[in-house]
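# Geometric and topological summary
Now for the letters of each chain:
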There are 2 protein chains.
Amino acid sequence: MEQKGVSKAVIGRLPRYYRYLGELMEEGVERISSSDLSQKMKVTSSQIRQDLNHFGGFGQTGYGYHVATLYNEIGHLLGLDKNHSLIVIGAGNLGQALANYANFERRGFNICAMFDADPKLIGTRTIRDIPILDVARLEEYLENHEVDIAVLAIPKTGAIPVAKRLVEAHIRAIWNFSHTDLEVPEDVVVENVHLSESLMKLSYRMAEQRRK
Amino acid sequence: MEQKGVSKAVIGRLPRYYRYLGELMEEGVERISSSDLSQKMKVTSSQIRQDLNHFGGFGQTGYGYHVATLYNEIGHLLGLDKNHSLIVIGAGNLGQALANYANFERRGFNICAMFDADPKLIGTRTIRDIPILDVARLEEYLENHEVDIAVLAIPKTGAIPVAKRLVEAHIRAIWNFSHTDLEVPEDVVVENVHLSESLMKLSYRMAEQRRK
């Protein structure tokens, strides 16, 4: 399966295909036509065909898609056939919510440690036996453990210096929940989850409804 | 300020403009040219001009944008000149993380109650004095309180029936953190935050880096 200059929008839709195909597998469905998948996912079947064509197709006209094959191929594209080890910076409510999310582990995202500056939290193991370590010892930890992804679950003010330390310690992927944009070198990937911005999009659409 | 068929992408960028303009105001900046704003936000200045033109412009050639005016106008578009009252369904780690996020309140999003089915949580007030109520009494609460937005911070299995109850109780906006798509009537707005999908987008980009 090859990619030919795939747009951000298509990539953004892959996890949703993956989720629906996973549900179909759980239901024991072996094959699905693009029109049935389209009905289920509420996107047009031409959109589905176009999206999947970016990766070399898979569908045979008249036969539909083989669910397990498509699921595995999309999983491969999403890098889910590899395990990822994660650390979470910030052991507050959000960090703990993320550490507690068993769904991530099922996909091979394993949280191996959390870091915080609060002496009341350091040394405890609140969540699923994941240790909470002193953020001052972040570099030491990263020297001795292979970590693929750092999750930033700390307030805006701390995020930029911590991101700098992570990059210097050779972290190449950051999942950023801090309400700020990070400046990182080109080979570092950052995925932002800006919750306030999501809430503002909701209130934009509410205002739009009121204007109707 | 009028809107002329604004695309989802433009709407998605408004909260980011709002955030940067807020930071400029804090720094005491009164006016900014689109090229300076463009440098700061790392988008092209023609993108900025195009985006803002959807709402009738604001910039005067040679004078740039008046920061406070633009900030207030975008805030108005985003519905932020109105207060919103919220309830959070699910008082687990994620629900508590959201309830604890003072940033929302500063923008006029006030969480007035949380709901859970866990008897150990019901009746307690863990976070900022927000009561945790029995989810069985959701309808009763909604009859007696004006609620603008319901936040769904519960697992996938409970989300669909609870969303149905919310819609029947005349909730018209749902901020959905449950890992499932909700089916709601046309006049109900739903904004999804699918954390697993965001993490998969990150791992897609990591896989892409490895393939380079």
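As a starting point, this report considers the structure included with it. (Residues numbered from 1 in each chain as written. Chains lettered and ligands numbered in written order. Predicted model: local features only at pLDDT ≥ 70, side-chain atom pairs only at ≥ 80, totals over all residues. Heavy atoms only, no water.)

### Focus on the nonpolar core
By size, the foremost hydrophobic cluster in this structure holds 106 residues, and its most contacted members are Trp175 of chain A together with Trp175 of chain B. Those residues in contact with Trp175 of chain B, other than ones at most four positions away along the chain, are Leu195, Ser198, Leu199 and Leu202 of chain A together with Leu98, Phe104, Ile149, Ala150, Val151, Leu152, Glu191 and Val193 of chain B. (Core = buried A, V, L, I, M, F, W, Y, C linked by side-chain atoms within 4.5 Å. Buried < 20%, exposed > 50% of the residue type's maximum accessible area, 1.4 Å probe, protein only. Contact = heavy atoms within 4.5 Å.)

### A few points about the interface of chain B and chain A
Between chain B and chain A, the residue contacts involve 67 residues of the former and 66 residues of the latter. Contact between chain B and chain A buries roughly 5,800 Å² in total, counting both sides, with carbon and sulfur atoms accounting for 59%. Ranking the residues of chain B by area buried against chain A places Leu199, Met200 and Tyr204 of chain B at the top, with a combined share of 12%. At the surface where chain B touches chain A, the tally comes to 14 salt bridges. (Buried area = accessible area lost by both parts, 1.4 Å probe. Salt bridge = Lys/Arg side-chain N within 4 Å of Asp/Glu carboxyl O.)

### So, the pairing of strand β4 (residues 109–116) of chain A
All names here are of chain A. The buried count for β4 comes to 6 of 8 residues, which makes it a mostly enclosed element. Sheet analysis places strand β3 (residues 84–89) next to β4, joined by 6 bridges and oriented parallel. Looking at β4, one finds that His84 is bridged to Phe109. With 3 bridges connecting them, β4 and strand β5 (residues 132–134) associate as parallel partners. (Helix = DSSP H or I, 4+ residues; strand = E, 2+ residues; numbered from the N terminus. Pairing = 2+ DSSP bridges.)

### Quick word on the sheet that holds β3 of chain A
One key point about sheets: their strands pair by backbone hydrogen bonds, in either a parallel or an antiparallel sense. Across the sheet, which stays open at both edges, the 6 strands sit in the order β5-β4-β3-β6-β7-β8 (chain A) with parallel pairing between neighbours. Lying at the two open borders of the sheet, with one neighbouring strand each, are β5 and β8 (189–192) of chain A. Taking each pair of neighbouring strands and ignoring which way they run, the sheet shows an average axis angle of 25 degrees. In this structure, strand β7 (residues 173–176) of chain A lies alongside β8 of chain A, joined through 4 bridges in parallel fashion. Looking across to β8 of chain A, one finds that Trp175 of chain A is bridged to Glu191 of chain A. Its contacts with the sheet place helix α8 (residues 156–168) of chain A against β3, β6 (149–152) and β7 of chain A, and it is angled at close to 175 degrees to β6 of chain A. Here helix α9 (residues 195–211) of chain B sits on the sheet and contacts β3, β4, β6, β7 and β8 of chain A; the angle it forms with β8 of chain A, its principal contact strand, is near 165 degrees. (Axes fitted to C-alpha atoms, helices over the stretch in contact; angles between N-to-C directions.)

### As for unusual backbone geometry
Residue and element names in this part refer to chain B. Positive phi is not limited to glycine here, since Lys42 has a value of about 55 degrees. Residues other than glycine seldom take positive phi values, yet Asp129 does so here, at roughly 65 degrees. Secondary-structure assignment places Asp129 in the loop between β4 (109–116) and β5 (132–134).

### Things to note about the environment of Asp187 of chain B
Positionally, Asp187 of chain B belongs in the loop between β7 (173–176) and β8 (189–192). Each C-alpha atom of the pair Asp187 of chain B and Arg172 of chain B lies 6.8 Å from the other, and the pair is 15 residues apart in sequence. In this structure, Asp187 of chain B is in contact with Gln209 of chain A together with Arg172 of chain B, ignoring residues within four places of it in sequence. A polar side-chain atom of Asp187 of chain B sits 3.1 Å from a polar atom in the side chain of Arg172 of chain B. (Polar contact = N/O pair within 3.5 Å; in protein donor to acceptor, adjacent residues only side chain to side chain.)

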